Every structure is written in structure tokens, then in C-alpha cells.
Number of protein chains: 2
Amino acid sequence: MNTSDIQITPIQQSKINSVDFNNLAFGAVFSDYMFECDFKDGSWQKPKIKPYGPISLDPSARVFHYGQAVFEGMKAYKDDNDDIFLFRPDENFKRINKSAERLAIPAFPEDYFFNGLTQLLKLEKDWIKKGLGNSLYIRPFVIATQPAISASPANEYKFMIILSPAQAYYSGEVKVIFSEKYSRSADGGVGFAKAAGNYAAQFYPTKLANEKGYQQIIWTDASTHNYLEEAGTMNIFFRVGDTLITAPNNDRILDGVTRKSVIQIAKDNNIDVEVRRVSVAEIKEAARKGALKEIFGSGTATVINPIVAFSHGGEDFDLPKQEKSYASFFKEKLTSIQYNISEDPYGWRFKI
Amino acid sequence: MNTSDIQITPIQQSKINSVDFNNLAFGAVFSDYMFECDFKDGSWQKPKIKPYGPISLDPSARVFHYGQAVFEGMKAYKDDNDDIFLFRPDENFKRINKSAERLAIPAFPEDYFFNGLTQLLKLEKDWIKKGLGNSLYIRPFVIATQPAISASPANEYKFMIILSPAQAYYSGEVKVIFSEKYSRSADGGVGFAKAAGNYAAQFYPTKLANEKGYQQIIWTDASTHNYLEEAGTMNIFFRVGDTLITAPNNDRILDGVTRKSVIQIAKDNNIDVEVRRVSVAEIKEAARKGALKEIFGSGTATVINPIVAFSHGGEDFDLPKQEKSYASFFKEKLTSIQYNISEDPYGWRFKI
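Reading the values: the criteria
- Every chain begins its residue count from 1, and numbering advances along the sequence as written.
- Written order decides the labels, with chains lettered from A and ligands numbered from 1.
- Totals for whole chains, interfaces and linings use all residues, but because this is a predicted model, local features are given only for residues with pLDDT of at least 70 and pairs of side-chain atoms are given and counted only at 80 or more.
- With hydrogens and water excluded, all non-hydrogen atoms of the structure serve as input to the side-chain values.
- Numbering of helices and strands runs from the N terminus; a helix is a DSSP stretch of H or I covering at least four residues, while a strand is a stretch of E covering at least two.
- Only C-alpha atoms enter the radius of gyration; for comparison, a globular chain is expected to reach 2.2 Å times N to the power 0.38, where N is the number of residues.
- Note on exposure labels: buried denotes an accessible area under 20% of the residue type's maximum, exposed denotes more than 50%, and partly exposed covers the range between, all computed with a 1.4 Å probe on protein chains only.
- Only heavy atoms matter for contacts: two residues are in contact if any of them lie within 4.5 Å across the pair.
- Summed over both partners, buried area is the accessible surface (1.4 Å probe) that two parts give up on being assembled.
- We define a polar contact as two N or O atoms separated by no more than 3.5 Å, with the added condition that, inside protein, one atom must be a possible hydrogen donor and the other a possible acceptor, whereas residues neighbouring each other in sequence contribute only through side-chain atom pairs.
- We call Asp, Glu, Lys and Arg charged. Ala, Val, Leu, Ile, Met, Phe, Trp, Tyr, Cys and Pro are nonpolar, and the rest, Gly among them, are polar.
- Here, strands pair whenever DSSP counts at least two bridges between them.
- The superposition of copies rests on a least-squares fit of C-alpha positions from residues with pLDDT of 70 or more in both.
- Every axis in this analysis is a line fitted to C-alpha atoms, fitted for helices over the stretch in contact. Angles between the N-to-C directions lie between 0 and 180 degrees.
- Small angles under 35 degrees read as roughly parallel and large ones over 145 as roughly antiparallel, with 65 to 115 read as roughly perpendicular and the rest as oblique.
- Working definition: a ring pair exists when centres of Phe, Tyr or Trp rings (six-membered ring for Trp) sit within 6.5 Å. Plane angles under 30 degrees give stacked, over 60 give edge-to-face, the rest tilted.
- To form a nonpolar core, buried Ala, Val, Leu, Ile, Met, Phe, Trp, Tyr and Cys residues must be joined to one another through side-chain atoms within 4.5 Å.
- How far each domain reaches was decided by an automatic or database domain assignment.
- A side-chain nitrogen of Lys or Arg and a carboxyl oxygen of Asp or Glu constitute a salt bridge if their distance falls within 4 Å.

## Regarding the overall build of chain A
Scanning chain A from N- to C-terminus turns up 7 helices and 21 strands. On C-alpha atoms alone, chain A measures out to a radius of gyration of 21 Å, which is about the 20 Å that the 2.2 N^0.38 rule sets for 352 residues. Overall, chain A is about 60 × 50 × 35 Å in size when its C-alpha atoms are taken along their principal axes. Per-residue burial over chain A gives 60% buried out of 352 residues. At a minimum sequence separation of 6, the contacts of chain A that also span at least 24 residues come to 72%.

## Side note on the interface of chain B and chain A
Listed by partner, the interface residues are 61 residues for chain B and 60 residues for chain A. Taking both sides of the interface into account, the surface hidden between chain B and chain A amounts to around 4,700 Å²; carbon and sulfur atoms contribute 66%. Taken together, the connections running from chain B to chain A amount to 19 residue pairs in polar contact (both at pLDDT 80 or more). It is helix H4 (residues 196–211) of chain B that contributes the most residues to the side of chain B that touches chain A, 9 residues altogether. A breakdown of the residues in the side of chain B that touches chain A according to their chemical character gives 38 nonpolar, 16 polar and 7 charged. Relative to strand E5 (residues 55–57) of chain B, strand E5 (residues 55–57) of chain A is paired through 3 bridges, and the arrangement is antiparallel. Bridge pairing in E5 of chain B places Ser 56 of chain A opposite Ser 56 of chain B.

## What to know about the relation of the copies chain B and chain A
The two chain copies are related to each other by a rotation about an axis together with a translation along it. Superposition of chain B onto chain A requires a rotation of 180° combined with a translation of 0.0 Å along the rotation axis, giving an RMSD of 0.0 Å. Here the transformation between the copies is reduced to the relation of a two-fold axis. Interface overlap between copies is the fraction of interface residues in one copy that are interface residues in the other; for chain B against chain A it reaches 98%, indicating a shared surface.

## Considering the packing of helix H5 (residues 257–268) of chain A against helix H7 (residues 326–338) of chain A
Residues and elements named next belong to chain A. One way to put it is that H5 packs onto H7 with a least axis distance of 10 Å and a crossing angle of 105°. Put simply, H5 runs roughly perpendicular to H7. Where H5 approaches H7, its residues Thr 258, Ser 261, Val 262, Ile 265 and Ala 266 are matched on the opposing element by Phe 329, Phe 330, Lys 333 and Leu 334. Of the residues in the contact of H5 with H7, the class split is 6 nonpolar, 2 polar and 1 charged.

## Brief notes about the environment of Asn 269 of chain A
Residue and element names in this part refer to chain A. You can see Asn 269 is positioned in the loop between H5 and strand E16 (273–275). Placed 56 residues apart in sequence, Asn 269 and Gly 213 show a C-alpha to C-alpha distance of 36 Å. Residues within four places of Asn 269 in sequence aside, it is in contact with Phe 329 and Lys 333. Engagement of the side chain of Asn 269 in a polar contact is seen with the backbone oxygen of Ile 265, the distance being 2.7 Å.

## Considerations on the packing of aromatic side chains
Scanning all chains against the criterion turns up 63 aromatic pairs over all chains. Here the aromatic rings of Tyr 66 of chain A and Tyr 199 of chain B are separated by 5.6 Å at their centres, their planes lie at 45°, and the arrangement is tilted. Here Tyr 66 of chain A, found in helix H1 (residues 62–66), pairs with Tyr 199 of chain B, found in helix H4, and the two come from separate chains. Assigned by exposure class, Tyr 66 of chain A and Tyr 199 of chain B land together as buried.

## Here we look at the nonpolar core
Buried together is how nonpolar side chains tend to be arranged in soluble globular proteins. Counting residues in hydrophobic clusters, the biggest one holds 154 residues, and the most contacted among them are Phe 64, Leu 121 and Phe 159 of chain A together with Phe 64, Leu 121 and Phe 159 of chain B. In contact with Leu 121 of chain B, other than residues within four places in its own chain, are Ala 76, Ile 84, Leu 86, Ile 128, Leu 136, Ile 138, Leu 163 and Ile 352 of chain B.

## A few points about the pairing of strand E19 (residues 303–312) of chain B
All names here are of chain B. Burial runs high along E19: 8 of the 10 residues are buried. Taken together, the 4 bridges between strand E11 (residues 174–178) and E19 define a ladder with parallel strand orientation. Considered in E19, the bridge of Val 176 is made with Phe 310. In this sheet, E19 lies alongside strand E18 (residues 292–299) in antiparallel orientation, the contact comprising 5 bridges. Bridging from a neighbouring strand, Ile 295 pairs with Ile 307 of E19. Taking the residues that link successive antiparallel strands as the turn, the E18-E19 hairpin has 3 residues. Examined bridge by bridge, E19 and strand E20 (residues 315–318) share 4 bridges and lie antiparallel to one another. The residue bridging His 312 from the neighbouring strand is Glu 315, located in E20. Between the end of E19 and the start of E20, which pair antiparallel, lie 2 residues, with Gly 313 showing a positive phi angle near 60°.

## Remarks on the domain arrangement of chain A
Residues and elements named next belong to chain A. Domain boundaries assigned for chain A yield domain 1 (3–166) and domain 2 (174–334). Taking only C-alpha atoms into account, the centre of domain 1 sits 28 Å from that of domain 2. On the side of domain 2, 19 residues touch domain 1, which itself brings 19 residues to the contact. For the pair domain 1 and domain 2, the two sides together bury roughly 1,600 Å², of which 62% comes from carbon and sulfur.

## Digging into the environment of Val 308 of chain B
One can find Val 308 of chain B in strand E19. Apart from residues no more than four positions distant in its own chain, Val 308 of chain B is found in contact with Glu 173, Val 174, Lys 175, Phe 317, Asp 318 and Leu 319 of chain B.

## Description of unusual backbone geometry
Positive phi values are uncommon outside glycine, yet Asn 270 of chain A reaches one of about 55°. Although it is not a glycine, Asp 82 of chain B adopts a positive phi angle of roughly 65°. Under the relative-accessibility criterion, Asp 82 of chain B is labelled partly exposed at 44%.

## Description of the pattern of salt bridges
Within this structure, the stated rule accounts for 43 salt bridges over all chains. For the salt bridge of Arg 288 of chain A with Glu 285 of chain A, the shortest nitrogen-to-oxygen distance reads 3.6 Å. Of this pair, Arg 288 of chain A and Glu 285 of chain A both sit in helix H6 (residues 280–289), separated by 3 residues, roughly a single helical turn. When the shortest N-O distance is used, the salt bridge between Lys 158 of chain B and Glu 36 of chain B registers 3.0 Å. Taken together, the residues span a long stretch of sequence, with Lys 158 of chain B in strand E10 (residues 157–166) and Glu 36 of chain B in strand E2 (residues 33–40) at a distance of 122 residues. On the basis of relative accessible area, Glu 36 of chain B is assigned to the buried category, the value being 5%. One network of salt bridges, with partners in common, ties together Lys 284, Glu 285, Arg 288, Lys 289 and Glu 315 of chain A.

## Quick notes on the side chain of Ser 99 of chain A
All names here are of chain A. When you line up the elements, Ser 99 lands in helix H2 (residues 89–102). Reaching out from Ser 99, the side chain makes a polar contact with the backbone nitrogen of Lys 194 at a distance of 3.0 Å. Residue contacts for Ser 99: discarding those within four places in its chain leaves Val 70, Ala 193 and Lys 194.

Spelled out as C-alpha cells, the structure:
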């Protein structure tokens, strides 16, 4: 497919001048255009780029009833020369189809994905602001649109890409609680997928945590609650002494792009990394001994998110301030690649 | 709230004459009207009944991204005097709010629910056909509509009720497979709720089962796969000798209205009922000895669904035909109450 095969409906007027790019709530403002492609009669139809606006669905559309929907999160960055870059978009493309397969959604074609994304970002280049921390958040997603409520995979879908200008995702000091009762996902379930329903399931436990003064939950394994897994919108890293530890991927834990980039950078910078099960007990023990130096989350929206305290079993632990933190190190390494400041030895940058 | 407080927009013309009530696929045809009530500014707004038709949502509506949505399933029945009945609707009302709480969705007011439902069914009484097996399937549901993709509970929702004329839900002989790899829900998760995401998560494993010739999966516990739980759209009963056995409710298993009605009817008809964990091993052992007489599912859509065979660990077991089956007994008892044929000693019928 050529980009010329995408049918483009122009906007009447851009709304960009009405947006305060210095005061952006995450994911609340969207750009002028959106990408849309429908699946019907057994195949993905001609893709369209058109003015951002409401979509019309039958109330029986399967996404409303059975949560048959998956998504991705990506960002576009601009360097000082006004060049635009994505970060490892091939990973997001592979993952959305891996998620789709688990939710019985048909795979989206690679050329549609990349040509649609490229064309859309070229149209919306003014929405990507320079400066570290500024980006255009990219949300590809697929929803089941077939108007019929039998509990089985739909035969009609809509793939969309919408764009939202972003600053930093989290602000303030982040305290977390290790989950002892609620769970995010089961063995043999859909936790590894960016399936819509995984997220709503976390809202209520997270609200309870918020009320106690914790911004996030670190999810533990559902069977025993003894092992630390991920934070729902972030993978989690622990620094014990000078060793970095993170849980292995499995069918409960998202295979994070930022996570795997951190692991790669660590290895190439002589930081010991252990990818293995991390027990609650060992982290509490390390904290008591003063060996636990850092906990941080990784994810596309947040990049690297340092955690200042954690709680488990009614005990609170503050993490010491680090002069030379791993969190800062990885954040600087990642953003330097993302914003075309440093070399890119890995070939992770993708120029639009 | 009085029913007169519901704003009704009349249809131009009914589509009822275009519907073949003798050839209905489940959940594919909808009646003339729908009920709609929006939550915003911290409260549920004035409810509306209007012509059934598409709804318009921003592409960033939270339901599309995070599956923040719950639903219920109910049926309206008509007797020979053209009176209309619901079956234990108070249970559905309580459960949709229990589901909503777990998904961090605001509770829907009881008077809105019952007045809306009553008014809607009175308008649509011609869509309810007489005769055992015929019904009007009722689908209340709530979706998060706030146009912003931060991963947190929405502040705007839409509650709707749509209606679909129904015959029997399942047809043909149902063979099932006991799950050995995939899971439906985790301890501490949302399995007990009618949360949208619970259903899409089952589509792929069910598709694999279908390809092997099994219509449904009986889900086992995610931690060990040793205990039988539910079938995703049905609770499950086993008859070993003359004893009826079903799994207890927990945070993984839906608290089915038909399930609890079956248990009550069994007790009142001197059928031994054991509500306890049911192991795969004991059911296979009972089948080998000839003691396993029946397996059947229970649910609003299916009522009682007899199962003719099951598979586990590569072994297939056919169930013997029963002259006087429990499945037929419970189905007859339930439908006699539902269609106002028998007495209703429990007060389960609710006249519209």
C-alpha cells in the first residue's frame, strides 16, 4: 500500500492555536486528524485519514458489551532540526497484533500500520513540540464494532490512531503499595496483552490505594501474592545494591518496550541485570538492610518513573535519595536516543 | 422518580413487521426503542427513551481503551393473558451495581432502573411473543464515555437498556472441554462481575475449542486447573448419582440468578445439593464408574443447557441419556414460573 492509497479528508481549520502546550493533562487533547480503517467482509478496507471527531456505533457493538478491544501506546519526538522520530515502532506493531490474536481480533497489516502512521504524523507535525519531555502521544487501538451481542468474536472491527500532545505522564512523588488482595491477571489469562479490560479491572483497587495515599499498585502474582510483577501501566525495576532486578515476561506481564530497552542499556553499561522472579520478602528484607536503593517503573507514557516509598503488610518503607540514580541514568539514555541527541547504536530510532 | 419523568421521543414507524420471530439469531435484532441515561457532573441525568439507533462517542471514550463497562442479562416473558413478567429483576439490579463498584463505575439508582425498564417494556410489549422459549432479551449496560485516555475511572458514563427478541440461546448438542491452559479470571480479579473484558478474554480459547469440536469451555481455577468453576456464559452443575454438585461463589465465579434458583428448587424438591469445590479428578472418576449422570449449564440466556460430552487431558467422556433428567426437571420448573404457568412460591415473578 502506498500512502497515496489513504483517502484523506481535509480539516476546515486547525484547532492547534487553542491548545496550551505548557499545560497539558495526559490524553485529554487530541490533534486535528485521526486514522481509521474498518474490517468487514473478511478484510481490512481502504484506510482513511479524516478530521478528528466522534464515531457512530450501534449500541449493540460488541466492544461495549464484551470488551473486545486492544491498544498500543507510542510517542513521536522532534529534534532541534524539526526532524520527527518514533522509538522502536516495530515492537508496538508486533505487540498490537499479539494482543489482537489473544482477543480473537484479526491482525492489522504492517504496511497499513506504518503508512498510516507516517502519513498522519506528517500531517500533524506542528503538534509535536521540541524540548525534552514534550511529545505527541500516539494511541493505535482496535474495537469490535459488529452490532450483535452474541458472546463470540465479532466479524467487524475499527482500527484507529489518535494523537494527543503530551508532557510528562506522572508528576509529584510516587508512592506505591504492593498488592495483597486484588489481582491484575491470571496465569493463562490476557495480562500480557494490552487488552482494554485489563485496565478497568485495576481502577477500583487503585482508587482504594489512592485513598490511602499511594499513587500506584505494584501487582503481585494472583496465586500467592508473594512475587512482584508490574504496575499496570509500567513494568517495575528494583535496584538492590548495584544490581538491577525485574520480573521475567510471562502470560501475566506486559512485554514492555521501555522495559526491554532498559535491560539492553543496562547490559551495555556494565550494570548487572537479573531477570527473575522478585519476591516481596526479599525486597522488604533488602529495604530493612539498606540494600534496596531504588524502585522505578518503565513505560512509554512515563519513560522512567522513580518511586520514593512502598508499603506492604501495613509497613511503610521510604527509599533513600540516590545522587547517581539508575532511574536518572536510564531516563537520560533513553530520551537522548528518542530525541536524536545521542548516537543510536541499537537502531531504535525510526525517522518519519 | 415517576415514569412520567422519563423523556420519550416517539418512533416514526415500528420495524416489528420486518422481523421473522421464528428465525432469530441471538442478540442480532433489536426493538424500536432504547433507554439511555448519562452520568455527568457527578450525577445521573434525566433518563430518556428514544428510537433505537447509533450512539456517537469520541474516539477517546474510555470504554474503547480500558474496557470500563459492565452489563446484565434479563428476559421478559409473556403469558397467555398477555401479561408480562420478569424473573427476579432485583437480583440483576443488585448485581449490575456490584459489578459497577468493582469497575469503579457509579451506582445506578434503583428507581431509574425499574421505572426505565417498566416504561420501556410497556412500549415494546408487542416484541414479547407468547410461547415457551420465546422472550425479549433485556440488555442493561453501562459504558465509560469520558473523552480522555488517562488510565483512571471516567467521570462520564452512559447507562442503556436495549431489547432483543429471543428464542433459545443454544442449539444442537453441546460438548465441552475442561480448561487445562487458559484461564477466565484470577483470585482478587473481576471474574465475579459482569465486566465486559471477562468475555473477550474467552473468545480466543473458545475459538480453539470450537475448532476441536467443543462448543464451550468449562473454566478451571487459574492456579491449579484442578477445580471446575463456570462456563463463561453459564454456571455449571454436575449430577453424580442423584446428588447435584456446583462450585461455590467466589471472586472468580459469577453469582448467577439461574444458578441460585436451581439450588433453591433442588432443596425444595428433596434433591441433595452440594455447593463445594468440584475437582476435575472426581468428575472423571465418576464418569469412569458410570456415576456421573449429567452435566448442565444454567444462565439467563440459555436457562438450562444440557451437556452431552466432556473432554480433559485428551480423554473424551460421553454422558448417558437420562430418561428423567435433572436438566429437564429444572428447566420445566423454571420456565413454568417464568411464563406464569405454575404457582410462584418464591415471589420470583415480577409483573410489568
